Amino acid sequence: IFQDDPYLTPKTSSEFKLFSLSQESGRNAAKYFISTYPKYFQKDYAQPHIPCLMPETLEAQIEEVSEAALIERIQMRKVKAAVDLYDQLQQAGTPVSLDVTNQLLDLICFYGDCDPEDVQDEPQTKKGRASKASDKLKAAWKENNNAERIFALLSEPNTHSYSALIRGMVKYGAYSKAFSTYTDLLNNQLKADVSTFNALITAAPEVKEKYNEKWELIVDLLKQMAEQKVKPNLLTLNAVLKALRRCGTVGKSQAFPVISEMRALSIDPSLASYNHLLSIFYKPGQTDILQEVMNEVSGKSFTPQDPDDACDPVWHLSLQCLDTKDIEQAYRVHELLGVGENWRLLGNDFQQNIYHARFFSLLCMMENIDVVLKWYRDLVPSVYYPSSNVMRDLLQVLDTDNRLDLIPQIWKDLKQLGHGNRQTLVEELLTLMAREKQNQEETFAECALDIKKMYDTGDRGKVMMSWTAGSLSDLVSVLLAAQRRQDAWEILKLFKTHNRVPSEELLDKFLTCIKESGDVNQALELVQISAGFCLPGTPKLIQRVQQEFLLSEQQK
């Protein structure tokens, strides 16, 4: 949350990003000091005691070689230390219970035989792309690693032992080995548990090449679940749907029957299930599957039930619905995000920004200005910092619905949002103000002079924009419309300063304004400016001055 200080409140997307990174950096710095020097943070001021505010115990308390010490290291997720202690117990002839050994296998297989700090850093993914499970894997399953070695030492491994090993092999890419281990489990007259089957179903597309072979293997695993009286769960459904994404036309024919069968077992789809369905069926332009999914999820509040529920399914669904350019569908998506805590499932800040940009751009394309402004006030800047492209969409709506009177307010917003130095956006703003007469000449003139300051100083003292003939002409036109002739004259001088050439039309317009005041000297100066630029219309301008002004002999 922001500090209660307007100066510290982010006003642009870049400031918000900097704020978020600074906040996270502060948290990490605090964690570092607490973790590195826990002895200085032992005093507990909280009443009642709040465990999460106290430093974690990072050092093992039990020094002797014992099963209790092994359990402690397993709970602290110290993989290498736990393996070393297990080997010491084996060398000393101290028996380790099967239950504790299975816990050790779970730890090793979950982290890929590495300590957590060696695998927790995720590689960078492309902006806007949802993270995949494969992105998070930095280690591959190594032949005869500690998990396999410790498993081989077990005289009578049970289902839990096999399950830990198989899930680890699938997680770290040893798919064929996982199926071989499953065969050993059956040969030892054991039954697999649901987690084992879920892992094997996920691995099925990796060990077969043809679509029908992949599906046959999945069906065979589901039949074995039934034979072994293992009840499937939501993760089973999602594992099958995820595998069907790799099965081409077979996936399309089997996806809905699978969901129907699972529903008969009281297993309802989760967000990840719908995301898998969209991946199987959706193609740009085909809206039927989107409509069906939206009918299913509308009005429901979702909580993650599957790890893939947190892999941005709401974000994918939202963008696919917005791609259809169906405004009613877009409203349904936005309404869904407002139910319960669904907005949390939209993804990170970058993904939320993409969603809001697409949503607001669609509004600008499909709705009238009153509706667009209502959403603009609701979203900006409380939940969304629009880009310069989106603000250009807004200007086009103002133009289309003839609400250019709002331009001065939009200019204030542009500056606050950090777009005051976007040249193409500023030039479009000047063009709209200069194009036709409004009843806002005075406010437009103030706005135009404020824009000029941005050209003079730029952002934070740096000149960010350069004058063009078009922007200077538009600025002069706006000032002339407000009868700000002296201000317009100062701008006209900038043409020479910045090596720009004014148009004949602009000088004609300026002469008309001078005529109203009868300032002969300024009219002559205008002729000299035109001659200085060698404009072809200079003789015509001279003729107008001679006809419309009373000139002395010297002036003639």
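Residues numbered from 1 in each chain as written. Predicted model: local features only at pLDDT ≥ 70, side-chain atom pairs only at ≥ 80, totals over all residues. Heavy atoms only, no water.

Per an unreviewed UniProt entry, the chain goes by the name Small ribosomal subunit protein mS39 and belongs to Cyprinus carpio. Per UniProt, the comment on the chain under Sequence similarities (unreviewed entry) is "Belongs to the mitochondrion-specific ribosomal protein mS39 family." Quoted straight from UniProt, the Subcellular location (unreviewed entry) entry for the chain says "Mitochondrion". (UniProt positions renumbered as here; feature names shortened; annotations may be inferred.)

(A) Inspection of the pattern of salt bridges at higher detail. The final tally for this structure, using the stated rule, is 26 salt bridges. In this structure, lysine 374 engages aspartate 378 in a salt bridge whose closest nitrogen and oxygen atoms are separated by 3.3 Å. One end of the pair is lysine 374 and the other is aspartate 378, both in helix α18 (residues 369–379) and 4 residues apart, which spans about a single turn. A salt bridge links aspartate 450 to lysine 415, with the shortest nitrogen-to-oxygen separation between them at 2.6 Å. Linking aspartate 450 in helix α22 (residues 441–457) with lysine 415 in helix α20 (residues 407–416), this pair joins segments that are 35 residues apart in sequence. Overall, the relative accessible area of 35% leaves lysine 415 in the partly exposed class. The network of salt bridges with shared partners includes Glu442, Glu446, Arg484 and Asp487. (Salt bridge = Lys/Arg side-chain N within 4 Å of Asp/Glu carboxyl O. Helix = DSSP H or I, 4+ residues; strand = E, 2+ residues; numbered from the N terminus. Buried < 20%, exposed > 50% of the residue type's maximum accessible area, 1.4 Å probe, protein only.)

(B) Here's a closer look at the packing of aromatic side chains. Counted according to the given criterion, the structure contains 14 aromatic pairs. Note on phenylalanine 33 and tyrosine 37: the rings are 6.5 Å apart at their centroids and 25° apart in plane angle, and the pair reads as stacked. The class of phenylalanine 33 is partly exposed, set by a relative accessible area of 44%. Judged by relative accessible area, tyrosine 37 falls into the partly exposed class, the value being 38%. Their ring planes at 15° and their centres at 5.9 Å tell us that tyrosine 355 and phenylalanine 359 sit as a pair that is stacked. A residue pair is termed a helical-turn pair when its members lie 3 or 4 positions apart in one helix, as tyrosine 355 and phenylalanine 359 do in helix α17 (residues 349–366) at 4 residues. Residue classification places tyrosine 355 among the buried residues on the basis of a relative accessible area of 0%. Of the aromatic side chains, those joined through ring pairs into one cluster are Tyr32, Phe33, Tyr37 and Tyr40. Above the face of the phenylalanine 110 ring, lysine 171 is positioned so that its terminal group lies 3.7 Å from the ring centre. Sitting over the face of the ring of tryptophan 375, lysine 374 holds its NZ or CZ atom 4.7 Å from the ring centroid. (Phe/Tyr/Trp six-rings, centres within 6.5 Å; stacked < 30°, edge-to-face > 60°. Lys NZ or Arg CZ within 6 Å of the ring centre and 35° of its normal.)

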